[in-house]
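Descriptive analysis of the structure
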Amino acid sequence: MRPMRLYINIDHVATLRQARRTDEPDPVAAAALAEAAGADGITVHLREDRRHIQDEDVRRLAASVGTVLNLELATSDEIVEMACALRPHQATLVPERREEITTEGGLDLSRPSPRLERSIGRLRDAGIRVSLFIDPEPAAIAASRSLGVPAVELHTGRYAHTWRSGSAALDGLRQAAAEARAAGLAVHAGHGLTYLNVAPVAAIADIEELNIGHSVVSRAVLGGMTVAVREMRRLVDTARAGAP
Ligand code: PXP
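Residues numbered from 1 in each chain as written. Predicted model: local features only at pLDDT ≥ 70, side-chain atom pairs only at ≥ 80, totals over all residues. Heavy atoms only, no water.

1. Some thoughts on the overall build of the chain
Each helix and strand in the chain was counted, giving ten helices and eight strands. Here the C-alpha radius of gyration of the chain, 19 Å, is about what a compact globule of 244 residues would show, namely 18 Å. For the chain, the C-alpha atoms occupy an extent of roughly 75 × 40 × 35 Å along the three principal directions. Contacts in the chain between residues far apart in sequence, at least 24 positions, make up 66% of those at least 6 positions apart. (Helix = DSSP H or I, 4+ residues; strand = E, 2+ residues; numbered from the N terminus. Rg over C-alpha atoms; globule rule 2.2 N^0.38 Å. Contact = heavy atoms within 4.5 Å.)

This is the structure in structure tokens:
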């Protein structure tokens, strides 16, 4: 079987930083660590409300990522323009609603969208590989094919919400991946994948790229807690011992 590309989404490193509007933790440093640990690419979502990743993060990542950068973005003219200037390896177009907690569904491709077509054209003309974030549905796959993009990312949210109680969503993903690949599209997948539910999706041969964020950042916080507390303990104790 072809190896699976694993792209790590580091948005929530920036979420933690933005909670204090300070300079730590730095998503660019997190990207370098992710790459050193085996990530095939780094994914960030520059949202219109800039709730986590900031413009400057994307500029710094575009200059520093040694693997590839996958920029998720909505069809906002301003952000498409920025992507065209920075030229990440890949741009994944996603729907965006300000009130949502995260990207809660794939793009609505049920009717023509001049805005979407314009965004795809501008990104493609800038030499960027374009992927569309879609629900794992036949109509969305057919529409993506008509739009002439090389790749789609299947939204795994339904699977992530229901995997404990049955295999319908996994079967749907498998079917959608096969259909998309048969239609000549490269197939990516992501959203809500965790250490507990990733294996069956990683085993789908028609999928070639996974984008995983929240669960990895969550694990990193817990995995790093022991080292972090020990270091602070030592600093505080050393300062105390040396104080008059
Ligand atoms: N793929 C896309 C298109 C996304 O919008 C997101 C969330 O930003 C992800 C993958 C990663 O999802 P998660 O953080 O749940 O792993």
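Now that the structure is up, let's keep going.
2. As for the packing of aromatic side chains
For the structure on display, the rule yields zero aromatic pairs. Here the guanidinium or amino end of arginine 219 rests over the ring plane of tyrosine 195, the centre of that ring lying 3.9 Å away. (Phe/Tyr/Trp six-rings, centres within 6.5 Å; stacked < 30°, edge-to-face > 60°. Lys NZ or Arg CZ within 6 Å of the ring centre and 35° of its normal.)

3. Observations regarding the nonpolar core
Grouped together as the largest cluster of nonpolar side chains are 60 residues, with contacts concentrated most on Ile10, Leu93, Leu123, Leu132 and Leu154. With six residues, helix α8 (residues 168–182) is the largest single contributor of residues to this core. (Core = buried A, V, L, I, M, F, W, Y, C linked by side-chain atoms within 4.5 Å. Buried < 20%, exposed > 50% of the residue type's maximum accessible area, 1.4 Å probe, protein only.)

4. Topic: the side chain of glutamine 90
Looking at the element boundaries, glutamine 90 is found in strand β4 (residues 90–93). Exposure remark for glutamine 90: the relative accessible area of 0% places this residue in the buried category. Excluding residues within four positions of it along the chain, glutamine 90 makes contact with Tyr7, Leu69, Asn70, Leu71, Ile128, Arg129, Ser131, His188 and Glu209.

5. Details of helix α10 (residues 214–242)
Here α10 contains 29 residues, and its C-alpha end-to-end distance of 41 Å stays within 8% of the 42 Å for a straight helix at 1.5 Å per residue. Maximal helix bending in α10 amounts to about 45°, located at methionine 225. Along α10, only two of the 29 residues are buried, which leaves the element largely exposed. (Expected span 1.5 Å × (residues − 1). Bend = angle between axes of the 7 residues up to and from the residue.)

6. Comments concerning the packing of helix α2 (residues 27–36) against helix α3 (residues 55–64)
Between α2 and α3, the least distance of the axes is 9 Å, while the angle of their chain directions is 30°. Judged by the angle between their axes, α2 and α3 are roughly parallel. Crossing geometry of α2 relative to α3 is assigned as right-handed. Note on element contacts: α3 touches α2 through Asp57, Arg60, Leu61 and Ser64, opposite Pro27, Val28 and Ala31. When grouped by side-chain class, the residues that make up the contact of α2 with α3 number four nonpolar, one polar and two charged. (Axes fitted to C-alpha atoms, helices over the stretch in contact; angles between N-to-C directions. Parallel < 35°, antiparallel > 145°, perpendicular 65-115°, else oblique. Left-handed = near helix turned anticlockwise from the far one by under 90°. Nonpolar A, V, L, I, M, F, W, Y, C, P; charged D, E, K, R; others polar.)

7. Brief notes about the pattern of salt bridges
Charged atoms that come close allow side chains of opposite charge to pair. Considering all chains together, one arrives at 17 salt bridges under this definition. Put simply, Arg2, Arg5, Glu208 and Glu209 are held in one network by salt bridges that share partners. (Salt bridge = Lys/Arg side-chain N within 4 Å of Asp/Glu carboxyl O.)

8. Observations concerning the site of the ligand
Taken together, 14 residues lie near the ligand, and Glu72, Glu153, Gly192, Gly213 and His214 sit nearest. Histidine 214 is positioned with one of its backbone polar atoms (N or O) 2.9 Å from an oxygen atom of the ligand. Surface burial for the ligand is 94%, taken as the share of its 400 Å² of free accessible area covered by protein chains. Taken together, the residues that form the shell around the ligand break down as three nonpolar, eight polar and three charged. (Near = heavy atom within 4 Å. Polar contact = N/O pair within 3.5 Å; in protein donor to acceptor, adjacent residues only side chain to side chain. Areas by Shrake-Rupley, 256 points an atom, 1.4 Å probe, with all protein chains shown as cover.)

9. Some thoughts on the sheet that holds strand β6 (residues 151–155)
The strand order around the closed barrel built from eight strands is β1-β2-β3-β4-β5-β6-β7-β8, with neighbouring strands paired in parallel fashion. On average, each strand axis in the sheet is inclined to that of its neighbour by 25°, with strand direction left out of account. With four bridges joining them, strand β3 (residues 69–73) and β4 adopt parallel strand pairing. Its bridge partner lying in β4, asparagine 70 is registered against glutamine 90. (Pairing = 2+ DSSP bridges.)

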